[in-house]
Amino acid sequence: MRVLVIGSGGREHALLIGLKNDPSVTDLHVAPGNAGTSAIATNHAVDVVSGEAVVALAQKLEADLVVIGPEVPLVLGVADALREAGIATFGPSAQAAQIEGSKAFAKDVMVAAGVKTAHAEIVDNPAHLDAALDRFGPTWVVKDDGLAAGKGVVVTPDRDVARDHAAECLESGHPVLLESFLDGPEVSLFCLVDGENVVPLLPAQDHKRVGDNDAGPNTGGMGAYTPLPWLPAEMTGRIVDEVVKPVAAELVKRGIPFSGLLYAGLAIGKDGPAVVEFNCRFGDPETQAVLALLESPLGEALNATATGTLADLPPLQWHDGAAVTVVVAAENYPGKPRTGDIITGADADGVLHAGTARNADGAVVSAGGRVLAVVGTGADLAEARAQAYARIEKIKLPGSHFRTDIGRNALEGRISI
């Protein structure tokens, strides 16, 4: 099987590593890729949001399967263009991808499907903002209704901070979603979805804020771990039955069946799971940790999803133990990151590239905000954490920063439902 992966981040590097370990995958390509992906796949320069350009590349490579990593090409219909060209594609249609592309659409689907989520209001007129804010609190949740790479959400007890973020979104032409605050620890559950067929992966937990102890602004994600020692074993089944299957069925009912990876971000309260958000693709940095424990062939699973044969896929097998991902970010991230700095130690085991490139001399340099994702595995969470942080010690990137507490609350028994 010849596979083309679309994207350039740590998620795509993790997908490529998983695909390389699948004996059925004989040829690997990525567009555009990064400095790390070139070691295991052929990088290609392409405009990833152009369906025409991606189709042309897939046809030139005679790709048997195209795997679309990021959300923007999906929301813009690149998967539709590939399917119209007769190419098996992992990733939903533009219409189904609105489950991430529009928070308002996602809310409408959840209401119709009877899925528990936060009470919400859409504000699209600045004149209505103050009255709407008065109906929420004492913790405000303010979301940009469009795509914001995981950084369009503000959760704050400060009404002024909430108002400023909402006003900024409205000024940029985006409606704002105000939500009631969902209490309880958060869980990310990835599910392979093919129509109404749903196959869950391991649950993970992301760390969104930039600093230790959840200090500072939201980011695209600073680290993750899996599995979750505090999550009851039966909760994955509950999430599938109470959240993912009803949403998948509702999309089928609307004539826009989902095909690809449906990511449910949830808060687990005393009454069970409630949805914080949906994404239409693998999450980053959870993917790096989850795929590190996958024993089953990844290419086989993605291809089954893409070709409508997910119901025939054998049950997924997982390695014992735990995995931890820690993101190494550039100076000033999540603000405008400093780039172009030479990185040493980035070619070691467990170091996945995200925002990297090569300079004129061929050296690996920083080229984005989240530069590397460092993965550790072990018999348990303590071992996995130790390995990840030991690997980070050997990496040098001027001005870089990372969280030192990924998975620590779970390890120390400080998370409970």
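Description of the structure in this document. Worth saying up front: this structure is predicted, and the values here are computed from it rather than measured.

A look at the pattern of salt bridges
Consideration 1: With the rule as written, the count across this model stands at 20 salt bridges.
Consideration 2: One salt bridge in this structure joins Asp 134 and Arg 159, with 2.8 Å as the shortest N-O distance. With Asp 134 in helix H7 (residues 129-134) and Arg 159 in helix H8 (residues 159-171), this residue pair connects regions lying 25 residues apart in the sequence.
Consideration 3: Relative accessible area serves as the criterion here: at 55%, Asp 134 is assigned to the exposed category.
Consideration 4: Arg 159 sits in the partly exposed class, given a relative accessible area of 25%.
Consideration 5: Taken together, the shared-partner salt bridges in this structure form one network comprising Asp 130, Asp 134, Arg 159 and Arg 163.

Structural notes on empty space enclosed by the protein
Consideration 1: One pass over the full model with this rule turns up two cavities of 30 Å³ or more.
Consideration 2: Taken as a whole, the largest cavity holds about 70 Å³ of empty space.
Consideration 3: Lining the largest cavity, in full, are Ile 99, Lys 103, Ala 106, Lys 107, Met 110, Lys 143, Leu 177, Glu 179, Val 276, Glu 277 and Phe 278.
Consideration 4: Of all the secondary-structure elements, those providing two or more residues to the lining of the largest cavity are helix H6 (103-113), strand E9 (176-179) and strand E17 (272-279).
Consideration 5: In terms of residues, the lining of the largest cavity owes the most to one element, H6, which gives four residues.
Consideration 6: Taken together, the residues that form the lining of the largest cavity break down as six nonpolar, no polar and five charged.
Consideration 7: Reported here for the second largest cavity is a volume of approximately 40 Å³.
Consideration 8: The leading source of residues in the lining of the second largest cavity is helix H11 (residues 298-306), at three residues.
Consideration 9: Grouping the amino acids of the lining of the second largest cavity by side-chain chemistry returns nine nonpolar, no polar and no charged.

Some words on the side chain of Arg 403
Consideration 1: Here Arg 403 shows up in the loop between helix H12 (381-392) and helix H13 (408-411).
Consideration 2: Accessibility expressed as a relative area gives 1% for Arg 403, which makes it buried.
Consideration 3: Of note is the side chain of Arg 403, whose polar atom sits 3.2 Å from the backbone oxygen of Gly 211.
Consideration 4: With residues near it in sequence (within four places) discarded, Arg 403 still touches His 207, Arg 209, Val 210, Gly 211, Asp 212, Asn 213, Asp 214, Met 222, Val 326 and Tyr 389.

Things to note about the sheet that holds strand E7 (residues 140-144)
Consideration 1: Reading across from one edge, E6-E9-E7-E8 is the order of the four strands in this open sheet, with antiparallel pairing throughout. At either end of the open sheet lies a strand with only one pairing partner, and these are strand E6 (120-123) and strand E8 (153-156). Averaged over all neighbouring strand pairs, the angle between strand axes comes to 20°, with direction disregarded.
Consideration 2: Sheet strands in contact with H6 are E6, E7 and E9, and its direction is about 45° off that of E9.

Calculation rules
Residues numbered from 1 in each chain as written. Predicted model: local features only at pLDDT ≥ 70, side-chain atom pairs only at ≥ 80, totals over all residues. Heavy atoms only, no water. Salt bridge = Lys/Arg side-chain N within 4 Å of Asp/Glu carboxyl O. Helix = DSSP H or I, 4+ residues; strand = E, 2+ residues; numbered from the N terminus. Buried < 20%, exposed > 50% of the residue type's maximum accessible area, 1.4 Å probe, protein only. 1 Å grid on protein atoms, 1.4 Å probe; cavity = no way out; pocket = protein on both sides within 12 Å on 5 of 7 lines; lining within 4 Å. Points joined across faces, edges and corners; volume = space filled by probe spheres on them. Nonpolar A, V, L, I, M, F, W, Y, C, P; charged D, E, K, R; others polar. Polar contact = N/O pair within 3.5 Å; in protein donor to acceptor, adjacent residues only side chain to side chain. Contact = heavy atoms within 4.5 Å. Pairing = 2+ DSSP bridges. Axes fitted to C-alpha atoms, helices over the stretch in contact; angles between N-to-C directions.

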